[in-house]
Number of protein chains: 2
Amino acid sequence: MDEATQGRTARVLIHDPTLRDGHHAVRHQLEAAQLRDYAAAADAAGLPVVEVGHGNGLGASSLQIGRARLSDTAMLAAVREALTRSRLGVFMAPGWGTAADLRGAITLGADVVRIAVHCTEADVTERHLGVVRDLGAEAHGVLLMSHMASPDQLAEQCGLLTELGAQAVGIFDSAGYYLPSDVATRIEAIAAAVDVPVIFHGHNNLGLAVANSIAAVQAGAQIIDATARGFGAGAGNTQLEVLVAVLERMGYSTGIDLRRLLNAADIAEERLMKAPPVIDSVSLVSGLAGVFSGFKKPVLDAARCEGIDPVDLFLALGERQVVAGQEDLIGDVAQKLKEA
Amino acid sequence: MDEATQGRTARVLIHDPTLRDGHHAVRHQLEAAQLRDYAAAADAAGLPVVEVGHGNGLGASSLQIGRARLSDTAMLAAVREALTRSRLGVFMAPGWGTAADLRGAITLGADVVRIAVHCTEADVTERHLGVVRDLGAEAHGVLLMSHMASPDQLAEQCGLLTELGAQAVGIFDSAGYYLPSDVATRIEAIAAAVDVPVIFHGHNNLGLAVANSIAAVQAGAQIIDATARGFGAGAGNTQLEVLVAVLERMGYSTGIDLRRLLNAADIAEERLMKAPPVIDSVSLVSGLAGVFSGFKKPVLDAARCEGIDPVDLFLALGERQVVAGQEDLIGDVAQKLKEA
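Residues numbered from 1 in each chain as written. Chains lettered and ligands numbered in written order. Predicted model: local features only at pLDDT ≥ 70, side-chain atom pairs only at ≥ 80, totals over all residues. Heavy atoms only, no water.

- Per an unreviewed UniProt entry, chain A goes by the name 4-hydroxy-2-oxovalerate aldolase and belongs to Streptomyces pratisoli.

What follows is the structure in structure tokens.
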């Protein structure tokens, strides 16, 4: 393409959380054979990092958030066994996971560890980033629900993550709220503030996950998250095979074999999911309102229970700026909406 | 959104071909009640134009292309009856449709008539644009498979369409091939060459239909096509309700009630389609190769028959720049690939 040569020679590292973030879409119920099959196909395609785990990360399997079919240990062992070239990734949110979970995962062969916190709470990562570095794994620090902070705040928080030991830092569009211009502004601010690779993780609630990921790369991000067929909660994530095809056409290099990646995506569709994600009306409103995608099920339940429109409930939750962990608020807000 | 105010006050006219282009996805088998239900919901949402017909337009129902369940007359009557505010649109490709079809449609109440031709054949629209103008309907001229022509060629062809009577002109990304930069360049060239509103019609093979439509608006397009849940062949069209939500958030005005539009989209999902479109591996490759989305089924059939990979067949067809109407070539190319 003559008018799309911005990326020529630039390298983009694709980080694949199909078996972790996708896990939300099937309530963390994947079996070892499913994990192995997809991981082997992703490995054959040359994916740099294959991440696995409960959707909420190490240590998160619980009655409240949802029990995974397999233990963290069993999931890591299954994927570790299937990988020959790809590095093994894990995700951990302090509060759900602990330093002991990190040690266990790294002992089992995790190469890349994401420590994830709410977008204004970088300071709580100190201990965990330290553990990861001490054990010799690659430490990433990522900020969730990042649309709730300004570009300057995000740059400052990412700077703090690097001071605490993160070797790559970045932002998650957990609600699928961003427009490409939003992403560009934030990634530019972060890239100007840190000397490590910058990460972007998108969701597709506004149909813009691929465009937002391209905007991130053009603004200086070097690590982009994407999942096969967009496997993920609600409207899903950035669609991996589509993103790779578009980046390569624009002249960026991912090191991934597209034909083999299509095979991995076909395996993901056949073996991991009932159907690929769709942007339904509820997911669209959830993105517009800036509410965490994982709230979809409890919001629909509460709306049905109170006999209110889930669209109103999403908008009210968006106004209150609820974040993951505040699921208890959903019922209260629903009740107030009914009374109003 | 502070950084997305480019569109404030600008008006975008959304043209909805859910019941025409979406028809491809169900082999033109929608029933009158389905047409009426969706049209009534779209009308209630304030859609400016609701288009209906066989996927290939007026007069196209045939053994070769596929017979529609209903006649053009029955489809138009069903939708006409359901509309109170929205204007009724039809689509006609000379060769499949005739002047008699146009007269029939306008007599039945079609307000907006699209005359569609391959991107380098604007000159064949003369007679049909004339008929539409003579009968007092609004005449649009649109160029299919537009990625096969340069921005300058498209501008010239669109200029010719206006000379022949088109009151709005534009381009279809029939193969879902464009990146946003491709769209911007082409729409800018066309907008600079004509004095009538410019049309953009996208497909989602590269996951960029919404982003491409935004790029079109920012480059000067005023009429954007989009379908409920992206209903359409292969990877589908630009998703209507998502596009409207994004445009409104960016400050553009569509005059559409989003809540009612979500209702229309829900009705479309429940009543019109088995499942919303997905970007599967074949649709992705089809877009990358720049092959008409409508070729998906015959390409898969020919690949299976010859025992070759459909990805190779799509790429070979893309190299040969095949266009709609050249379905006969698919078997020949498949056979040659097998021999090679």
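### Quick notes on the domain arrangement of chain A
All names here are of chain A.
And then number 1: What the domain assignment reports for chain A is domain 1 (13–271) and domain 2 (281–339).
And then number 2: Put simply, the middle of domain 1 and the middle of domain 2, counted by C-alpha atoms, are 25 Å apart.
And then number 3: Each side of the interface is counted separately: domain 1 has 15 residues, and domain 2 has 14 residues.
And then number 4: Together, the buried faces of domain 1 and domain 2 total about 1200 Å²; carbon and sulfur atoms form 61% of this surface.
And then number 5: The interface formed by domain 1 and domain 2 contains 0 salt bridges.
And then number 6: Here domain 1 is connected to domain 2 by 3 residue pairs in polar contact (both at pLDDT 80 or more).
And then number 7: Considering only residue class, the side of domain 1 that touches domain 2 consists of 7 nonpolar, 7 polar and 1 charged. (Domains from an automatic or database assignment. Contact = heavy atoms within 4.5 Å. Buried area = accessible area lost by both parts, 1.4 Å probe. Salt bridge = Lys/Arg side-chain N within 4 Å of Asp/Glu carboxyl O. Polar contact = N/O pair within 3.5 Å; in protein donor to acceptor, adjacent residues only side chain to side chain. Nonpolar A, V, L, I, M, F, W, Y, C, P; charged D, E, K, R; others polar.)

### Concerning the state of the cysteines
One way to say it: the disulfide is the covalent bond shared by the sulfur atoms of two cysteines.
All names here are of chain A.
And then number 1: Evaluated as defined, the whole model comprises 0 disulfides over all chains.
And then number 2: With no disulfide of its own, Cys158 has Cys119 as its nearest cysteine by sulfur position, at a separation of 10 Å.
And then number 3: For Cys158, a relative accessible area of 0% translates into the label buried. (Disulfide = S-S within 2.5 Å. Buried < 20%, exposed > 50% of the residue type's maximum accessible area, 1.4 Å probe, protein only.)

### Some remarks on the relation of the copies chain A and chain B
And then number 1: Laying chain A over chain B is done by rotating through 180° and shifting 0.0 Å along the axis; what remains is an RMSD of 0.0 Å. The superposition of one copy onto the other is thereby described by a two-fold rotation axis. Considering only C-alpha atoms, the part of chain A nearest the rotation axis is Ala211(A), at 3.1 Å.
And then number 2: Interface residue correspondence from chain A to chain B reaches 100%, placing this contact among same-surface, isologous pairings. (Least-squares fit on C-alpha atoms with pLDDT ≥ 70 in both.)

### So, empty space enclosed by the protein
And then number 1: A full pass over the atoms with the stated rule returns 1 cavity of 30 Å³ or more.
And then number 2: Estimates place the volume of the largest cavity at around 420 Å³.
And then number 3: Taken together, 28 residues line the largest cavity, and the ones lying closest to its centre are Asn204(A), Pro277(A), Ile279(A), Asn204(B) and Ile279(B).
And then number 4: For the lining of the largest cavity, the elements supplying multiple residues, two or more each, are helix H7 (209–218) of chain A together with helix H7 (209–218) of chain B.
And then number 5: When the residues that make up the lining of the largest cavity are grouped by side-chain class, the tally is 15 nonpolar, 11 polar and 2 charged. (1 Å grid on protein atoms, 1.4 Å probe; cavity = no way out; pocket = protein on both sides within 12 Å on 5 of 7 lines; lining within 4 Å. Points joined across faces, edges and corners; volume = space filled by probe spheres on them. Helix = DSSP H or I, 4+ residues; strand = E, 2+ residues; numbered from the N terminus.)

### Description of the packing of aromatic side chains
And then number 1: In this structure the tally under the stated criterion is 4 aromatic pairs over all chains.
And then number 2: When the ring of Phe292(A) is compared with that of Phe295(A), the centres are 5.9 Å apart and the planes differ by 80°; the resulting orientation is edge-to-face.
And then number 3: Residue classification places Phe295(A) among the buried residues on the basis of a relative accessible area of 0%.
And then number 4: Sitting above the plane of the Phe91(B) ring, Arg20(B) keeps its charged end 3.8 Å from the centroid. (Phe/Tyr/Trp six-rings, centres within 6.5 Å; stacked < 30°, edge-to-face > 60°. Lys NZ or Arg CZ within 6 Å of the ring centre and 35° of its normal.)

### Here's the deal with the sheet that holds strand E3 (residues 87–92) of chain A
What holds strands together in a sheet is hydrogen bonding between their backbones, with the strands either parallel or antiparallel.
All names here are of chain A.
And then number 1: Judged by pairing direction, the barrel is parallel, and its 8 strands sit side by side in the order E1-E2-E3-E4-E5-E6-E7-E8 before closing back on the first. Each strand axis lies, on average, 25° off the axis of its neighbour in the sheet, ignoring direction.
And then number 2: Of the strand pairs in this sheet, E3 and strand E4 (residues 112–118) are connected by 4 bridges, and their pairing is parallel. Each bridged residue has a counterpart across the sheet, and for Val90 the counterpart in E4 is Val113. (Pairing = 2+ DSSP bridges. Axes fitted to C-alpha atoms, helices over the stretch in contact; angles between N-to-C directions.)

### Observations regarding the layout of surface pockets
Residues and elements named next belong to chain B.
And then number 1: Volume-wise, the second largest pocket comes out at about 1000 Å³.
And then number 2: Taken together, 30 residues form the lining of the second largest pocket, with His24, Ala25, Arg27, Ala233 and Lys297 sitting closest to its centre.
And then number 3: Looking at the lining of the second largest pocket residue by residue, the class counts come to 13 nonpolar, 10 polar and 7 charged.
And then number 4: Here the lining of the second largest pocket gathers at least three residues from each of two domains, domain 1 (13–271) and domain 2 (281–339).

### Thoughts on the packing of helix H1 (residues 32–45) of chain A against helix H2 (residues 72–82) of chain A
Residue and element names in this part refer to chain A.
And then number 1: The contact between H1 and H2 brings their axes to 8 Å, and the two run at 35°. The two elements H1 and H2 cross, and the hand of that crossing is right-handed. Counted together, Ala32, Leu35, Arg36, Ala39, Ala40 and Asp43 of H1 and Met75, Ala78, Val79, Glu81 and Ala82 of H2 form the full contact between these two elements.
And then number 2: Looking at the contact of H1 with H2 residue by residue, the classes come out as 8 nonpolar, no polar and 3 charged. (Left-handed = near helix turned anticlockwise from the far one by under 90°.)

### Focus on helix H3 (residues 99–107) of chain B
Residues and elements named next belong to chain B.
And then number 1: Within H3, burial applies to Ala99, Leu102, Ala105 and Ile106. Considered in projection along H3, the buried side chains sweep an arc of 120° and stay on one side of the axis. For H3, the exposed residues set more than 90 degrees away from the buried face come down to Ala100 and Thr107.
And then number 2: In this structure, the buried side of H3 is in contact with helix H2 (72–82), strand E3 (87–92), strand E4 (112–118) and helix H4 (126–134). (Arc of directions from axis to C-beta.)

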